[in-house]
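# Overview (structure and organization)
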Amino acid sequence: MTVAEFELSVTCHIAAPRGIVWKVWTDLKDEWFCPKPWRAEVIEEVLRPGGRSAVRMFGPDGEDTGPMEGIILEVVPQEKVVTTDAYASGWIPQTPFMTAIWSFADEGEGTRFTAAARHWDAEALEKHKEMGFHPGWDQMAEQFKALCETSAASA
């Protein structure tokens, strides 16, 4: 995978097979998607090109992000999911912020997980940094890793 000019990313090795990592990503997003004490609620996620991707996040002090709407651009089961917020469901244009690329690859006896956010321009990239991309996405990846490894241990 090449690195885009306006990309931020996190990556980690997960001591779990790719099939379990994929299942946690697809089925348990409410449990890992945003840094605790925030919580995520998946409104809908249709894993096919053109499918709706809508998530809402709630903070510990009553914060509510409102629905974060986007669409799925590409799905390669157990390998990659690409989403964008440039469109809402039905190909309705909206002000874009980023395209997310979620990648899963075999590495040793586990899985290499990478989550990348590609921004339209330097201004959007800097805004995402200021919003706390790091440590927010770092914590999200740690939560995801822990949940995958717990799931693997109990499988």
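Scope of this entry: the structure provided in the associated data block. Quantities reported herein were computed from a predicted structural model and do not represent experimental measurements.

## A look at the pairing of strand β5 (residues 80-84)
With 4 of its 5 residues buried, β5 lies for the most part within the structure. Between strand β4 (residues 68-76) and β5, which follow one another and run antiparallel, lie 3 residues, and Q78 among them has a positive phi close to 65°. Looking at chain direction, β5 and strand β8 (residues 98-107) are connected through 5 bridges and run antiparallel. Residue pairing for β8: V81 is matched across the bridge by W102.

## Some remarks on the pattern of salt bridges
Working definition: two side chains of opposite charge can pair if their charged atoms are close together. Following the criterion strictly, the structure yields 11 salt bridges and no others. The closest approach of N and O atoms between E69 and R52, which form a salt bridge, is 2.4 Å. Here E69 is found in strand β4, whereas its partner R52 is found in strand β3 (residues 52-58), with 17 residues between them in sequence. Connected via shared salt-bridge partners are E44, R52 and E69.

## A few points about the nonpolar core
Counting 35 residues, the largest nonpolar core has W32, W102, F113 and F144 as its most contacted members. When residues of this core are traced back to their parent elements, those giving at least two are β1 (7-14), α1 (18-27), β3, β4, β8, β9 (110-119), α3 (122-131) and α4 (133-154). Element by element, the count of residues in this core is highest for α4, at 7 residues. Apart from the residues within four sequence positions on either side, F113 is in contact with V10, T11, C12, I14, W25, W102, S103, F104, A141 and F144.

## Concerning the sheet that holds β3
Strand order in the open sheet formed by 7 strands is β1-β9-β8-β5-β4-β3-β2, and the pairing between neighbours is antiparallel. The open sheet is flanked by β1 and β2 (39-45), the only strands paired with a single partner. Neighbouring strand axes in the sheet, compared pairwise and without regard to direction, differ in orientation by 20° on average. Where β1 lies against β9, 8 bridges are found, and the strand directions are antiparallel. Within β9, the position partnered with S9 by the bridge is A116. Packed onto the sheet, α1 meets β1, β2, β4, β5, β8 and β9 and runs at close to 155° relative to β8. Relative to the sheet, α4 contacts β1, β8 and β9, its axis offset from that of β1 by approximately 25°.

## Examining a nonpolar patch on the surface
A contiguous nonpolar patch, built from L73, Y87 and W91 and spanning about 290 Å² of accessible area, is present on the exposed surface. With respect to the element layout, L73 can be found in strand β4. Given the relative accessible area of 35%, L73 is considered partly exposed.

Rules and cut-offs
- Residues numbered from 1 in each chain as written.
- Predicted model: local features only at pLDDT ≥ 70, side-chain atom pairs only at ≥ 80, totals over all residues.
- Heavy atoms only, no water.
- Buried < 20%, exposed > 50% of the residue type's maximum accessible area, 1.4 Å probe, protein only.
- Helix = DSSP H or I, 4+ residues; strand = E, 2+ residues; numbered from the N terminus.
- Pairing = 2+ DSSP bridges.
- Salt bridge = Lys/Arg side-chain N within 4 Å of Asp/Glu carboxyl O.
- Core = buried A, V, L, I, M, F, W, Y, C linked by side-chain atoms within 4.5 Å.
- Contact = heavy atoms within 4.5 Å.
- Axes fitted to C-alpha atoms, helices over the stretch in contact; angles between N-to-C directions.
- Patch = residues over 30% accessible without salt bridge, like charges linked within 9 Å, V, L, I, M, F, W, Y side chains within 5 Å.
- Areas by Shrake-Rupley, 256 points an atom, 1.4 Å probe, with all protein chains shown as cover.

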